[in-house]
Structures are given as structure tokens and as C-alpha cells.
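Here are the chains, one letter per residue:
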Amino acid sequence: MIWKERLEIFMKRLICHQEKVNEANREQLIAVCPFHAIEYNNGVIEISAGCKMCMLCVKNGPEGVMELAEDESAADRDSWRGIAVYVDHTYGEIHPVTMELIGKAKELADTIKASAAKAKEPADKAKEPAGPTGKPAALADFPVYCVFMGHGIVKKAEELLHYGVDEVFVYDEEELADFRIEPYTAVFEDFIRKVRPSSVLVGATTTGRSLAPRVAARFRTGLTADCTKLEIKDNTDLVQIRPAFGGNIMARILCTKTRPQMATVRYKVMNAPERSPERNGKITLCDIDKAKLTSRIHVLKVTQKPG
Amino acid sequence: MEILVCIKQVPGTTKVEVDPETGVLKRAGVDSKMNPYDLYALETALRLKERHGGTVRVLSMGPPQAAEVIREAYMMGADDGALITDGGFAGSDVLATSRALSEGIKKLGAFDLILCGKQTTDGDTAQVGPEIAEFLDIPHVANIIRMVEIRENSAVVEMDMGSVVQTAEVSFPCLLTVEKDIFQPRLPSYRRKKSAGEREIRTISLKDLGDADERNYGLNGSPTQVERIFPPEAGGSREIWTGTGEELSLKMAEKLRQLKFI
């Protein structure tokens, strides 16, 4: 087990900025690797399994070509905070599964905050100064976020504030009027990079089930489909319980190596909180580079289903 | 048109065994079949080929005996098939599986259209299709209920979005996951069945993939771990009510609402 954890620390990734490779520096780059792990195949630089992560290509190779990307993994648990809920909607009409997920997210966030408060108590009594590694103190701040993307939705976002969300991030763009996978994934990615939620909950609607895996794959992280029960550990690991094999087996699933942890939940599985007459929390309008919102999908028509 | 269909071998029964040490499902030695939802994807591909020409290839990933489903696809009319198989893929979750399949697809060549069933009957996740599309950096549309038309360089499809149906044009190359009942799957042909046994099935192992880093596959490359598998709680609770028809019907309606059945 210790060995495995050590391995994860070293799971950093080498990234090659292909656009910076040219005929002049290509040979130099290939020659710098003592393990012959840098290859030029079909017009691209590839790193073979021979790579020992010695970093000589980063240090001594042509400037800016090779980069060491920190794997945003388990070592990093503390910098991913809070629980985000994807606001599922059809042309601005919010699907009620969203409120149910907010209810669950609040419950999970409260568990973390309660355990953080409990862990802090003895330290206070002993009058120990809160050090920089004061993990529990840091986790006392574990908000519930919503991410809402679409067009003409700013007013509709206000409704969410009646259910106890801390912050609603709204992306209101013309390009997001129709559900199209590439721009929706791009926005989701932008949100996760900015906000860094520890867990992300998505309603298992037809759109949610299409979007969540795309986002999970982009972050090379785990996604558990159709959870029927969600719990959370003090270290923020989400315990995801779901049926498999047509309900003949239940599985407890963890995602300890990567963040964010992602789960989809079906409608009518969790309970929505009571709508409070007051609004709490705030709405944050977000901008995104229009170049990220291009799509190879054109929506021709939208038809209301009968009934 | 170059079409690829992703298919999977699933247990023929829902009575499955779990390895108590690793928590991984034991697949060997259990009766198996092609994932029923994949039949719809394969049928869609065959119909498109009949109308527009081209080839239909199938790709699967699993233990060596999963070659059986490729043979099954041959019996239905697939032109060619490959199986990704390697001990290094054991225990792959959605991410590791999608990565392996996308690498396998790159190995097989360029496709206009990749078709997947809406989900499998064992994992039930419906996630592998969209994740493959992400690894390949191509658009995808899930839950296709109707193929409207094939154009020069795109497909027009209808997607079920719950309360509405979206009609969209998707440029090639793209990945589509099709709903059950999009077309009625054909039965395997007897003539093809006789020849399917001899036909070649290409196998692809981990070292054949463009990204051959073994840390990206199998248990190592899987961000999710199944911590424990357990039988569901038996719903043994019973209530007996007495009263008039009116009282009981009101009580029944209330109870159903409480249980979220209505």
C-alpha cells in the first residue's frame, strides 16, 4: 500500500508542445533522452514506455518544448474543495433532479464541516496554534456550488438560491442555447478548473448521462453512474453506492486517486430540500473565450414530445 | 462510409460471481452473449452500409473468449473485426476501458462513424461511448432514436432529451450511441454462420497500442475502485391496512407519492 502511494506521487506527466517542435530542434530533442524514449512518428513527437521521467528533456531539451505537468491527483486532495451540482435544464427549464442533488450536496458538505469542527475542538483546548497543515480548519469551508450553462438563464438562476446553494456560477452565452456536447463540455471544464470542486454531482438525465462522462474523461477522473446512495469520508472521499447487473449486486465505489470525483444520480432517488422563501448565496456571472464554444453539431429542430 | 461498431460480451445471466479478494467480477466460465443493446448499434451500421455502401467493422475488448461476439457480428454481416485483449486490461473501469478502446480504434484506421449501444447490461453505465469520443476528440450524440439522413459529410439524427426531441446534424467523424428499438436487429444468417468459424479475428494487445503505457490501463489506470460488492437489502417490509375503499385508496396514493413511485 505504501509503495502504491509513493508511486502516485511520482505520477507526473510529460507534455510535449508539438507546435514548438521544428526541423531545427527535433534532432536535439530526440538526442537529449538517454533512454531513447522520445520518438518522431508520423509527424508527432511521442514518448514511449522507455521514459524514466528523468526530466533531462525538460531541463536540457529545446526550450519550452517539453513540460512536466503535475498530475492533479490524490496528493492534492486539500486544494479541491466543495461540492458542485450541474444544473440540468431543457432550454432554461430547470429539471427537479437539480434540487434533489443540491439537497444531497448540502448534506455531504455538512458532514465534512461537522467533522472538521469536531477535529478542531481538542486543538483549541490545548491552545495549539493552527499550523499551515491545519487540514480540518481548511475543510470548515466546504461550499455547495451550482454550475448553470445555457442562454437567457440569469433570471432563472435566482430560483436556485431558495434551496441553500452557496454560489451559482452562470455561463450565459448564445452558443449554449442548444445542448451541444463540445461547448457544454468546454464550459464544464472551465468551471472545474476555476472552482476546483472536490465532487461533482450530475442528474442522470439523458443530457447528464451524455455530458458527465465527457467531462470525466477530459479530467481523466472517475465517474460513477446512477448512484443510489452517496456518503462522504472525513478526507472528502465520496463513497458511491450503485446497483449493477440489473440490481442483483450493489457496489461501493471510491475514487481516491483523482479529483474531481464525479457521480450521476437518477431523478427521484434523493430528496429535495424545502424551498425557503428567502434567497441565500450569490450568483456569479462567468465569461468564457468564445473560441472554446465552437461545435461540429448543428441543431436543426427541437420538437416537444407529446404529453 | 467507414463504420465502426463497439460491442461487448456480457454475462448471459444476471447471476454473477465476485472475486472476494479483489472485488473484481469473475467473467470467465460464465455463460455469455453479446450485449443486447449493441445489436441495435450493429443493425444501424448494417442498414447504413446497405444504403450508402462502405464497410462495417466491429471492435471489442475482453478476455480471449470475447472473440465469440465478434463471430456473432460476422454472422449478422460485419465485414471485419478486432478484439483488444491483454492481461494488462484486467479490472479496467470506464476511463481505462474507454482509453483502451479509443487507442484500438486509432489502430484500426479512420472512421466516419462510430456506433455504440446505449449501455451494457452488466455495467449499466452508458458512459463508455461518450468517453471514447472525448479520447478521440470527436463530437458525440447520445440516445439517438432515429437516423434521419446521411449527407455528404454528416449525419442528421434525432436525440431523445426527455421532454423534447432534438434534431441535429453532426459532422463526420463522430460517435453516436443508439437507443434500443432504433431498428429491429436481424437474426444471424445460416450461410454466414457456417463461414464465421474460419474467419480471422485480429487481436490487439497492450503493446500494440499507440499509448502503450501500462499505468494507463487495467486497475492501475482506473481512477475508480470497487471497494466492496454486496447483495442488495431485501425489501422485506410489509404493511397491512384496513379501512373503507375510500380511506384505503387515499392512503395508497399518499404512500405511493411518499415512495416517489408517482
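Residues numbered from 1 in each chain as written. Chains lettered and ligands numbered in written order. Predicted model: local features only at pLDDT ≥ 70, side-chain atom pairs only at ≥ 80, totals over all residues. Heavy atoms only, no water.

Enquirer: If you had to explain the overall build of chain B to someone new, which residues and values would you point to?
Expert: Along the backbone of chain B there are six helices and 14 strands. Taken along the three principal axes of its C-alpha coordinates, chain B extends 70 × 50 × 40 Å. If you take every contact in chain B between residues at least 6 apart in sequence, the share linking residues at least 24 apart comes to 70%. By element, 50% of the accessible surface of chain B is carried by carbon and sulfur atoms, the whole surface being about 12,800 Å². The positive charge centre, built from 32 side chains, and the negative charge centre, built from 40, are 5 Å apart in chain B. (Helix = DSSP H or I, 4+ residues; strand = E, 2+ residues; numbered from the N terminus. Contact = heavy atoms within 4.5 Å. Areas by Shrake-Rupley, 256 points an atom, 1.4 Å probe, with all protein chains shown as cover. Lys, Arg positive; Asp, Glu negative; His and termini not counted. Charge placed at Lys NZ, Arg CZ, Asp CG, Glu CD.)

Enquirer: How would you summarise the sheet that holds strand β13 (residues 202–204) of chain B if you had to cite specific residues and measurements?
Expert: Reading across from one edge, β17(A)-β11(B)-β10(B)-β9(B)-β12(B)-β8(B)-β1(B)-β6(B)-β7(B)-β13(B) is the order of the 10 strands in this open sheet, with mixed pairing throughout. Looking along the sheet, the strands with just one partner apiece sit at the ends: β17 (297–304) of chain A together with β13 of chain B. Taking each pair of neighbouring strands and ignoring which way they run, the sheet shows an average axis angle of 30°. Of the pairings in the sheet, the one linking strand β9 (residues 140–151) of chain B to strand β10 (residues 154–160) of chain B comprises six bridges and is antiparallel in character. What sits directly across from B:Met147, in β10(B), is B:Val157. Contacts from helix α8 (residues 206–218) of chain A reach β9 and β10 of chain B within the one sheet, and its direction differs from that of β9(B) by about 100°. (Pairing = 2+ DSSP bridges. Axes fitted to C-alpha atoms, helices over the stretch in contact; angles between N-to-C directions.)

Enquirer: With reference to specific residues and values, describe the confidence of the model for chain A.
Expert: All names here are of chain A. In this model, chain A carries a mean pLDDT of 86, and residues with pLDDT of at least 70 account for 85%. pLDDT under 50 marks residues 1–11. Its contacts with residues more than four places away, or in other chains, come to five contacts. Counting contacts from residues 126–137, a segment whose pLDDT is below 50, to residues more than four positions away or on other chains yields four contacts. (pLDDT = per-residue confidence, 0-100.)

Enquirer: If you had to explain the pairing of β9(B) to someone new, which residues and values would you point to?
Expert: All names here are of chain B. As defined by bridge partners, β9 adjoins strand β12 (residues 174–178) across three bridges and the pair is classed as parallel. Bridge pairing in β12 places His140 opposite Leu175. Between β9 and β10, which follow one another and run antiparallel, lie two residues.

Enquirer: Talk me through a nonpolar patch on the surface; I want residue IDs and the actual numbers.
Expert: Residue and element names in this part refer to chain B. Taken together, the side chains of Leu259, Phe261 and Ile262 make up a nonpolar region of the molecular surface, amounting to roughly 340 Å² of accessible area. Within the secondary structure, Ile262 sits in the segment after α6 (245–258). Classification of Ile262 by relative accessible area gives exposed; the value is 52%. (Patch = residues over 30% accessible without salt bridge, like charges linked within 9 Å, V, L, I, M, F, W, Y side chains within 5 Å. Salt bridge = Lys/Arg side-chain N within 4 Å of Asp/Glu carboxyl O. Buried < 20%, exposed > 50% of the residue type's maximum accessible area, 1.4 Å probe, protein only.)

Enquirer: Residues and numbers for the side chain of B:Asn143, please.
Expert: Relative to the assigned elements, B:Asn143 resides in strand β9. Overall, the relative accessible area of 12% leaves B:Asn143 in the buried class. Side-chain polar atoms of B:Asn143 contact the side chain of B:Glu179, separated by 2.8 Å. Filtering out sequence-adjacent residues up to four positions away, B:Asn143 remains in contact with A:Thr206, B:Glu158, B:Met159, B:Asp160, B:Thr177 and B:Glu179. (Polar contact = N/O pair within 3.5 Å; in protein donor to acceptor, adjacent residues only side chain to side chain.)

Enquirer: I'd love a proper account of the nonpolar core, names of residues and values included.
Expert: Core analysis: the biggest nonpolar cluster contains 73 residues, and A:Phe188, A:Phe191, B:Val5 and B:Leu176 have the highest contact counts within it. Aside from chain neighbours lying at most four places away, what touches B:Val5 is B:Ala41, B:Leu42, B:Ala45, B:Val56, B:Arg57, B:Val58, B:Leu59 and B:Leu115. Of all hydrophobic cores here, the second largest spans 33 residues; its members include A:Val97, A:Phe142, A:Cys146 and A:Val265. (Core = buried A, V, L, I, M, F, W, Y, C linked by side-chain atoms within 4.5 Å.)

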